[in-house]
Amino acid sequence: MTVDAHHHVWDLSVRDQDWIAEGDPLRRDFTLADLEPEARAAGVDRTVLVQTVTVAEETPEFLELAAGHALVAGVVGWTDLTRPDVADELARLRELPGGRYLKGVRHQVQGERDPRWLLRPDVRRGLAAVADAGLVHDLVVLPAQLPACAEAAAALPGLTFVLDHLGKPPIASAALEPWASGVRALAALPNTVCKLSGMVTEAGPAARSADNLRPYADVVLEAFGPRRLMFGSDWPVCTPLASYGEVLSLARELTAGLDETDRRRIFETTAARVYDL
């Protein structure tokens, strides 16, 4: 079976997704009822639901969704890492309905102007609280922020950092550096993991073929290895460019040269271990 370690849902009648422009095909509701038939048809039996907006109300809603839906095995939520009582807030979330599904925390670091935001004292204190709670921290960052990610991971060896979407490499321009060097420096730290996700979005319509994606997949395969690499669909963000099944097929094509054990790690066991599914 397969684990999808990264997808989203949203209901615009509940909360606006202000990052989606008017007229964008993503500007509609995407629910678990929409996802499930596609995921099941692709052989996916467990997923990790990941936060989309930095509002406190979203995480309890996602935990309740997980509690009521067999497909979702874990939630990566959001909380303000800079709040002085972040440890108490994480404990509170765990006491909510579905609180046992909270597996990690993510902040939209890609939107922070300070490339060293992760290294601020208040943020580092919050990250330490995430580690103390037995949770992981998902990194959604741009290539220029990768050096700060490596510094943060080195400073907090007890916290597992999960790099979303390969660190958003410039696939559309076919450039590898400085992204590749940043990824390798992060991967040199043992408490880091990477998601094989988000590539079609970064590639765009002109470069979403396996041949164009392969150089970037090869970098993370070499740097992290299958034991620290996991598949994520990034549904529904992927859908303007590729269906759920197409994204999974691309990932399988990019990893076809591995043996069965390593492929199982990428498509199942790494995610199950890291997120304690």
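Residues numbered from 1 in each chain as written. Predicted model: local features only at pLDDT ≥ 70, side-chain atom pairs only at ≥ 80, totals over all residues. Heavy atoms only, no water.

K.L.:
I would appreciate a short explanation of the environment of Arg-252 in the present structure.
P.N.:
Its location among the elements puts Arg-252 in helix H9 (residues 244-254). In this view, Arg-252 contacts Thr-2 and Phe-267; residues no more than four positions away in its chain are not counted. A distance of 2.8 Å separates the side chain of Arg-252 from the side chain of Thr-2, its partner in a polar contact. (Helix = DSSP H or I, 4+ residues; strand = E, 2+ residues; numbered from the N terminus. Contact = heavy atoms within 4.5 Å. Polar contact = N/O pair within 3.5 Å; in protein donor to acceptor, adjacent residues only side chain to side chain.)

K.L.:
Honestly, the sheet that holds strand S1 (residues 2-7) in this entry has me stumped. Any pointers?
P.N.:
Sheet strands pair by backbone hydrogen bonding; their relative direction is either parallel or antiparallel. Read from one edge to the other, the open sheet built from eight strands follows the order S1-S2-S3-S4-S5-S6-S7-S8, with strand pairing classed as parallel. Whereas interior strands pair on both sides, the edge strands pair on one side only; in this sheet they are S1 and strand S8 (229-231). Here the strands of the sheet are splayed against their neighbours by 25 degrees on average, with no regard to which way each runs. Inspection of the sheet shows S1 paired to strand S2 (residues 44-50) by four bridges, in the parallel sense. (Pairing = 2+ DSSP bridges. Axes fitted to C-alpha atoms, helices over the stretch in contact; angles between N-to-C directions.)

K.L.:
Teacher, can you tell me more about the side chain of Thr-2 here?
P.N.:
Looking at the secondary structure, you find Thr-2 in strand S1. Ignoring sequence-local partners within four residues, the contact set of Thr-2 consists of Gly-43, Val-44, Asp-45, Arg-46, Arg-252 and Phe-267.

K.L.:
Got a minute to help me understand the pairing of strand S7 (residues 192-196) in this structure?
P.N.:
On any regular strand, side chains alternate: one points to one face of the sheet, the next to the other face. Of all five residues making up S7, five are buried, and the element is well covered by its neighbours. Alternating residues of S7 divide into Thr-192, Cys-194 and Leu-196 and Val-193 and Lys-195, and every residue in both groups is buried. In the sheet, strand S6 (residues 161-163) pairs with S7 via three bridges, with the strands oriented parallel. If you follow Leu-163 over to S7, its bridge partner there is Cys-194. Handedness of the crossover joining S6 and S7 through helix H6 (residues 179-187) is recorded here as right-handed. As defined by bridge partners, S7 adjoins S8 across three bridges and the pair is classed as parallel. Pairing of Leu-196 across the sheet is with Phe-231, part of S8. (Buried < 20%, exposed > 50% of the residue type's maximum accessible area, 1.4 Å probe, protein only. Right-handed = clockwise from strand over helix to strand, strands pointing away.)

The values reported here are purely geometric and, on their own, carry no functional implication.
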